[in-house]
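So the chains spell out like this:
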Amino acid sequence: MFWILFLLLAWAGVLTSAARLLRAATEAADPAPRSAAARRPGALNLYEAAYLAGGPERVAVLTLLSMERRRRLLLARTGWATVLDPVARDAHERAVLAAFGPDGQSPVSALREAAAAHSAVRALADRLDEAGLAVPCGVRDAVADGVRSVRWAAVLVVAMAGAALAVPADGADVSKVLYWFALPMLLAVCCLAIAGPGGPWASPAGQRLLAALDHDRTPADPLAAVAVRGLSALPDADLRAALGRP
């Protein structure tokens, strides 16, 4: 029964990592507002909705699409953008325009990266965090670390199962050994399926506002649809190709 030692190691790894992920997910479930005076909007603007639905990258995509819709940028299917109107209307647009070269052209990927990393997005995240609408960055990082920990635990289960099969099983057949190792693997897979890649950007309060926006505006507003649902909501295949290029 020496293989049981490997099984215990596999269970120890999975249970430890699952507990770590559970703690982080519990913190992310309903973060309280950090400030009693924080604004809790009755409705979200599109930048706020984009952040809560998809994080900084979604804000960047929304900014580029908004500028393209107003004929202030030209986005080509090849993944390049050209400035048509160099005057920014807000800080998000300033981040995009500042990333262009002197010839007024730039790869869309560079613009998206600049817009996502700009201080305007960090300020937006802080406001939503203080209002209790966004999951704090530290909590999201903890969830992501928990997810990585569970993934490594799943690798450990496979390694321990291989080690168990490599030693004498003392009368236990291979199917029995694999059955017992399938249980910790099932727990690890379920944890990963529930947590997703890194947890949500929006708290439950933020998710309720997103649902209201999705119900009220996305049927008639393409920008709202992209803010809430991402590029998959964009019917123009050329724009999807331009904005989605790495």
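Here goes a summary of the coordinates provided. Predicted model, so just to flag it, every value in this text is computed and none were measured.

### Re the pattern of salt bridges
Applying the stated criterion across every chain yields a total of nine salt bridges. With a shortest N-O distance of 3.3 Å, Arg112 and Glu57 are connected by a salt bridge. Placement of the pair is Arg112 in helix H4 (residues 108-117) and Glu57 in helix H2 (residues 46-69), with a sequence separation of 55 residues. Judged by its relative accessible area of 12%, Arg112 is buried. Among the residues examined, Glu57 registers a relative accessible area of 41% and is labelled partly exposed.

### Side note on the sheet that holds strand S3 (residues 105-107)
Strand order in the open sheet made by the three strands is S1-S2-S3, with antiparallel pairing throughout. Whereas interior strands pair on both sides, the edge strands pair on one side only; in this sheet they are strand S1 (73-75) and S3. When strand polarity is set aside, the average angle formed by the axes of neighbouring strands in this sheet is 20 degrees. Inspection of the sheet shows S1 paired to strand S2 (residues 80-83) by three bridges, in the antiparallel sense. In the sheet register, Leu75 faces S2, and the bridge partner there is Ala81.

### Digging into a nonpolar patch on the surface
Taken together, the side chains of Phe2, Leu5 and Leu8 define a hydrophobic patch exposed on the protein surface, amounting to about 310 Å² of accessible area. Within the element layout of this structure, Phe2 appears in the segment before helix H1 (3-29). By relative accessible area, Phe2 is classed as partly exposed at 46%.

### Some thoughts on the packing of aromatic side chains
Counted according to the given criterion, the structure contains two aromatic pairs. For the pair Tyr51 and Trp201, a centre-to-centre distance of 5.4 Å together with 65 degrees between the ring planes defines the contact as edge-to-face. Residue Tyr51 is located in helix H2, and its partner Trp201 is located in the loop between helix H7 (174-195) and helix H8 (204-216); the two are separated by 150 residues in the primary sequence. Judged by relative accessible area, Tyr51 falls into the buried class, the value being 3%. An angle of 75 degrees between the planes, with centres 5.6 Å apart, marks the rings of Tyr179 and Trp180 as edge-to-face.

### Here's the deal with the environment of Glu93
With respect to the element layout, Glu93 can be found in helix H3 (residues 91-98). Given a relative accessible area of 4%, Glu93 falls into the buried group. Along the primary structure Glu93 and Ala120 are separated by 27 residues, whereas in three dimensions their C-alpha atoms are 9.7 Å apart. Residue contacts for Glu93: discarding those within four places in its chain leaves Tyr47, Thr63, Met67, Arg72, Val87 and Ala88.

### Thoughts on the pairing of S2
Where S1 folds back onto S2 in an antiparallel hairpin, the turn is made up of four residues, including Gly79, whose phi is positive at roughly 95 degrees. Where S2 and S3 come together, three bridges link them in antiparallel fashion. Residue pairing in the sheet places Ala81 in a bridge with Ser106 of S3.

### Topic: the nonpolar core
Nonpolar side chains tend toward joint burial in soluble globular proteins. Counting 45 residues, the largest nonpolar core has Tyr51, Leu52, Leu75, Val96, Leu133 and Leu243 as its most contacted members. Elements with a contribution of two residues or more to this core: H2, S1, H3, H4, helix H5 (119-130), H8, helix H9 (222-229) and helix H10 (237-244). With 13 residues, H2 is the single largest residue contributor to this core. Core analysis: the next-biggest nonpolar cluster, separate from the first, contains 24 residues, Ala10, Ala153, Ala154 and Ala164 among them.

The rules we used
Residues numbered from 1 in each chain as written. Predicted model: local features only at pLDDT ≥ 70, side-chain atom pairs only at ≥ 80, totals over all residues. Heavy atoms only, no water. Salt bridge = Lys/Arg side-chain N within 4 Å of Asp/Glu carboxyl O. Helix = DSSP H or I, 4+ residues; strand = E, 2+ residues; numbered from the N terminus. Buried < 20%, exposed > 50% of the residue type's maximum accessible area, 1.4 Å probe, protein only. Pairing = 2+ DSSP bridges. Axes fitted to C-alpha atoms, helices over the stretch in contact; angles between N-to-C directions. Patch = residues over 30% accessible without salt bridge, like charges linked within 9 Å, V, L, I, M, F, W, Y side chains within 5 Å. Areas by Shrake-Rupley, 256 points an atom, 1.4 Å probe, with all protein chains shown as cover. Phe/Tyr/Trp six-rings, centres within 6.5 Å; stacked < 30°, edge-to-face > 60°. Contact = heavy atoms within 4.5 Å. Core = buried A, V, L, I, M, F, W, Y, C linked by side-chain atoms within 4.5 Å.

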